[in-house]
Amino acid sequence: MSATVALGLAGVPALAQDAPASLLEAAETKLDEARSVDAALLSPANFERAMERYADAVEDLARGRSAERIQFSIDEVIRLLDQAIDASEIAAVTLASLIKTREDALNADAPTFAPEAWPDAESMFEEAARRLETGNIRQAREISTEAETVFRDAELTAIKAQYLSQTRALLARAEQLRVPRYAPQTFSRAQALLLEAETQLNENRYDTDLPRSLAQQANYEARHAIFLAGQIEQIDEEETTAEN
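Residues numbered from 1 in each chain as written. Predicted model: local features only at pLDDT ≥ 70, side-chain atom pairs only at ≥ 80, totals over all residues. Heavy atoms only, no water.

1. Overview of the pattern of salt bridges
Stage number 1. According to the stated counting rule, one finds 17 salt bridges in the structure shown.
Stage number 2. Between Arg-69 and Asp-60 there is a salt bridge, and its shortest N-O distance comes to 3.1 Å.
Stage number 3. When the shortest N-O distance is used, the salt bridge between Arg-168 and Glu-198 registers 2.3 Å. With a gap of 30 residues between them, Arg-168 in helix H9 (residues 137–176) and Glu-198 in helix H11 (residues 184–203) connect regions that are remote in the sequence.
Stage number 4. You can call Arg-168 partly exposed: its relative accessible area is 38%. (Salt bridge = Lys/Arg side-chain N within 4 Å of Asp/Glu carboxyl O. Helix = DSSP H or I, 4+ residues; strand = E, 2+ residues; numbered from the N terminus. Buried < 20%, exposed > 50% of the residue type's maximum accessible area, 1.4 Å probe, protein only.)

2. Points about the packing of helix H4 (residues 44–62) against helix H8 (residues 117–133)
Stage number 1. Interaxial distance between H4 and H8 falls to 8 Å at its minimum, and their mutual angle equals 85°. By the criterion of interaxial angle, the relationship of H4 to H8 is roughly perpendicular. Here H4 contributes Pro-44, Ala-45, Asn-46 and Glu-48 to the contact with H8, which in turn contributes Glu-126, Ala-129, Arg-130 and Glu-133.
Stage number 2. Of the residues assigned to the contact of H4 with H8, the class counts are three nonpolar, one polar and four charged. (Axes fitted to C-alpha atoms, helices over the stretch in contact; angles between N-to-C directions. Parallel < 35°, antiparallel > 145°, perpendicular 65-115°, else oblique. Contact = heavy atoms within 4.5 Å. Nonpolar A, V, L, I, M, F, W, Y, C, P; charged D, E, K, R; others polar.)

3. Here we look at the packing of helix H6 (residues 96–107) against H8
For any two helices packed against each other, one specifies the crossing angle of their axes together with the interaxial distance.
Stage number 1. Two elements in contact, H6 and H8, have axes separated by 12 Å at closest approach and are oriented at 155°. If you check the angle between H6 and H8, you find them roughly antiparallel. Judged by the sense of rotation from one axis to the other, the crossing of H6 with H8 is left-handed. Residues Leu-98, Ile-99, Arg-102, Ala-105 and Leu-106 of H6 lie in contact with H8, whose contacting residues are Trp-118, Glu-122, Phe-125 and Ala-128.
Stage number 2. The class makeup of the residues in the contact of H6 with H8 is seven nonpolar, no polar and two charged. (Left-handed = near helix turned anticlockwise from the far one by under 90°.)

4. Considerations on the environment of Ala-34
Stage number 1. Mapped onto the elements of the fold, Ala-34 is located in helix H2 (residues 21–36).
Stage number 2. Considered as a pair, Ala-34 and Leu-81 are 47 residues apart in the sequence and their alpha carbons are 6.3 Å apart.
Stage number 3. Those residues within four positions of Ala-34 in sequence are excluded, and the remaining contacts are Ala-39, Phe-47, Leu-81 and Ile-85.

5. Quick notes on the side chain of Arg-102
Stage number 1. Within the fold, Arg-102 resides in helix H6.
Stage number 2. The class of Arg-102 is buried, set by a relative accessible area of 14%.
Stage number 3. Side-chain polar atoms of Arg-102 contact the side chain of Glu-122, separated by 2.7 Å.
Stage number 4. Residues contacting Arg-102, with those up to four places away along its chain left out, are Leu-41, Trp-118, Glu-122, Phe-125 and Phe-151. (Polar contact = N/O pair within 3.5 Å; in protein donor to acceptor, adjacent residues only side chain to side chain.)

6. Things to note about the packing of aromatic side chains
Stage number 1. Within this structure, the stated rule accounts for two aromatic pairs.
Stage number 2. Pairing Trp-118 with Phe-151 gives two aromatic rings, centres 5.2 Å apart and planes at 65°, and the pair type is edge-to-face. One end of the pair, Trp-118, is in helix H8; the other, Phe-151, is in helix H9, with 33 residues separating them in the sequence. No difference in accessibility class separates Trp-118 from Phe-151, as the two residues are buried.
Stage number 3. With 6.4 Å between their ring centres and 80° between their planes, Phe-125 and Phe-151 make a pair best called edge-to-face. Here Phe-125 is found in helix H8, whereas its partner Phe-151 is found in helix H9, with 26 residues between them in sequence. Of the two residues, Phe-125 and Phe-151, both sit in the buried class.
Stage number 4. Over the aromatic face of Phe-125 sits the side chain of Arg-102, whose NZ or CZ is 5.6 Å from the ring centroid. (Phe/Tyr/Trp six-rings, centres within 6.5 Å; stacked < 30°, edge-to-face > 60°. Lys NZ or Arg CZ within 6 Å of the ring centre and 35° of its normal.)

Next comes the structure, spelled out in structure tokens:
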């Protein structure tokens, strides 16, 4: 999404609150409808133009310009948002696989943990959506296929960063705390789960459900091992009783 649209979404509603509700109500209702189908994402060109005209209408209201001029802008906003809604419904079908892949990457917090890949993936998504808006289905699908690969790479990077890297750090800390001595079974289980998660991620490149689950389990077992070791060590040092 362009900076123009982002600024419009951030600033226009605050200004609109001071405008006569009768003039903006229809546009705001249509805007809610457009947002409900992710029009900003799936029909970026139409949505961006609509927001620009919406901003013009709000500015004209603030400057006290003619109702006819403002109504013309509002009518244009509604027309463009209707186009965006229609285009979004088409994109939801045509780009369904890409949308799902993007959602998976978002769920893995790829924007945070894959900051280099994420902007490229988002840019390709937008380009695919824009090509689809112009009716170029073939190019939209080609770009969509490329974007899916980048989103999957970003998701994998995020999963490794969140779970594998964190678990490795936990296991290294556990070594320093002599966890293998006090909770060897739990520590070994965490190591085995981590190894299996890495293996699954490398061998099943596009099936991240199992490795994600294994990584989460490994992370839990590593933390559990550290906790158990601390409790057992206290008992050994007679700092607490077994019952406590």
